[in-house]
Amino acid sequence: MSANIYHDAISSLKAGGVILYPSDTIWGLGCDVRMTASIEKLLAIKHRPTEKGLIVLISKIEQLSEYVEEVPEIAWDLVEFAEDPLTIIYPKGKNVSSHLLGPDGSIAIRLVKDDFCKGLIYRYQRGIVSTSANVSGELFPSNFDAVSDSIKKEVDFILKNPTSGKEHKKPSKIVKLGLGGDYSLIRG
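Cut-off values and rules
Residues numbered from 1 in each chain as written. Predicted model: local features only at pLDDT ≥ 70, side-chain atom pairs only at ≥ 80, totals over all residues. Heavy atoms only, no water. Phe/Tyr/Trp six-rings, centres within 6.5 Å; stacked < 30°, edge-to-face > 60°. Helix = DSSP H or I, 4+ residues; strand = E, 2+ residues; numbered from the N terminus. Buried < 20%, exposed > 50% of the residue type's maximum accessible area, 1.4 Å probe, protein only. Lys NZ or Arg CZ within 6 Å of the ring centre and 35° of its normal. Pairing = 2+ DSSP bridges. Salt bridge = Lys/Arg side-chain N within 4 Å of Asp/Glu carboxyl O. 1 Å grid on protein atoms, 1.4 Å probe; cavity = no way out; pocket = protein on both sides within 12 Å on 5 of 7 lines; lining within 4 Å. Points joined across faces, edges and corners; volume = space filled by probe spheres on them. Nonpolar A, V, L, I, M, F, W, Y, C, P; charged D, E, K, R; others polar. Axes fitted to C-alpha atoms, helices over the stretch in contact; angles between N-to-C directions. Parallel < 35°, antiparallel > 145°, perpendicular 65-115°, else oblique. Left-handed = near helix turned anticlockwise from the far one by under 90°. Contact = heavy atoms within 4.5 Å.

Regarding the packing of aromatic side chains
1) Next: Applying the stated rule across the entire model yields two aromatic pairs.
2) Next: Both rings, one in Tyr6 and one in Phe116, keep their centres 5.3 Å apart while their planes meet at 35°; by these two values the pair is tilted. In this pair, Tyr6 sits in helix α1 (residues 4-14) while Phe116 sits in helix α5 (residues 115-124), placing the two residues 110 residues apart along the sequence.
3) Next: Taking the relative accessible area as the measure of exposure, Tyr6 reaches 1% and is therefore buried.
4) Next: Here Phe116 falls in the buried class, since its relative accessible area comes to 4%.
5) Next: The interplanar angle of 55° and the centroid separation of 5.1 Å between the aromatic rings of Trp27 and Phe144 together place this pair among those described as tilted. Highlighted residues: Trp27 in strand β2 (residues 27-30) and Phe144 in the loop between β6 (128-132) and α6 (149-154), separated in sequence by 117 residues.
6) Next: On the basis of relative accessibility, which here comes to 6%, the residue Trp27 falls in the buried class.
7) Next: Lying over the aromatic face of Phe144, Lys152 brings its terminal NZ or CZ to 4.0 Å of the ring centre.

Section: the pairing of β2
1) Next: Residues Trp27 and Leu29 point to one face of β2 and Gly28 and Gly30 to the other, with burial holding for every one of them.
2) Next: Direction of pairing for strand β1 (residues 19-22) relative to β2: antiparallel, over a ladder of four bridges. If you follow Ile19 over to β2, its bridge partner there is Gly30.
3) Next: Note: β2 against β6, two bridges, orientation antiparallel. If you follow Leu29 over to β6, its bridge partner there is Thr131.

Considering the pattern of salt bridges
1) Next: Counted according to the given criterion, the structure contains six salt bridges.
2) Next: A salt bridge links Arg34 to Glu66; the nearest nitrogen and oxygen atoms lie 3.0 Å apart. Placement of Arg34 in the loop between β2 and α2 (36-46) and of Glu66 in helix α3 (residues 64-67) is noted, with a sequence separation of 32 residues between them.
3) Next: Asp104 is the salt-bridge partner of Lys176, the closest N and O atoms lying 3.2 Å from each other. With a gap of 72 residues between them, Lys176 in strand β8 (residues 173-177) and Asp104 in the loop between β4 (86-90) and β5 (107-111) connect regions that are remote in the sequence.

Points about the environment of Ala15
1) Next: Take Ala15: it is sitting in the loop between α1 and β1.
2) Next: When its relative accessible area of 70% is taken as the criterion, Ala15 is described as exposed.
3) Next: Sequence separation of Ala15 and Ser38 is 23 residues, and the distance between their C-alpha atoms is 9.2 Å.

As for the layout of surface pockets
To locate leftover empty space, one rolls a probe as large as a water molecule over the atoms.
1) Next: One number sums up the size of the largest pocket: a volume of about 720 Å³.
2) Next: Together, 38 residues line the largest pocket, and Arg48, Lys52, Gly53, Leu54 and Ile55 are the ones closest to its centre.
3) Next: Of all elements in the fold, only β2, β5, β6 and β8 reach the threshold of two or more residues within the lining of the largest pocket.
4) Next: Of the residues belonging to the lining of the largest pocket, the class tally is 14 nonpolar, 15 polar and nine charged.

Examining the packing of α1 against α5
1) Next: Direction vectors running N to C along α1 and α5 enclose 50°, while the axes themselves pass 10 Å from each other. The pairing of α1 with α5 is recorded here as oblique in orientation. α1 and α5 meet at a crossing whose hand is right-handed. Where α1 approaches α5, its residues Ile5, Tyr6, Ala9, Ile10, Leu13 and Lys14 are matched on the opposing element by Asp115, Phe116, Gly119, Leu120, Arg123 and Tyr124.

Remarks on unusual backbone geometry
1) Next: Positive phi, close to 55°, is recorded for His47, a residue that is not glycine.
2) Next: Mapped onto the elements of the fold, His47 is located in the loop between α2 and β3 (55-58).
3) Next: For His47, a relative accessible area of 55% gives the class exposed.
4) Next: The phi angle at Asn95 is positive, at roughly 60°, despite the residue not being glycine.
5) Next: Looking at where Asn95 falls in the secondary structure, it is placed in the loop between β4 and β5.
6) Next: When its relative accessible area of 40% is taken as the criterion, Asn95 is described as partly exposed.

Geometric descriptors of this kind do not, in isolation, establish any biological role.
This is how it looks when you write it as structure tokens:
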């Protein structure tokens, strides 16, 4: 896949923009993980309260150490061998806007395996925020046509995958990990 397909999306992210893009699960809204103003804009587009969690997407497993204080040992295998998209909530996040941290300092991260989405994040060279591309409380969009016109008008850039017409069906599973190896399923 040509790097040029991502150029304008990456420029928008670097400038503090919010993008609409096909994530590895469903259509999503994304922005830079460190830019608080961008995250606030994303939340305003969704009409979503700041206390609702957001996810960080990464393109390679080594990025976990950039955003997590201490990665529980079990996480390495979970992330690497998960067949379906799996978001993991880690005990202590770092190097991101405080809007991405839970009240307890936790952070939700997913290693993407979808080539198109991974290509965007890899070329951006840092994680990006991800949340479903819908107004809070409405159904998540499984394809581009299902994204509301109001969201399409409010984002700074729309990135489409020119080689895929696939429909994204469902959000990821979410597991919360503790440092001692304990875990709980948040969304199955």
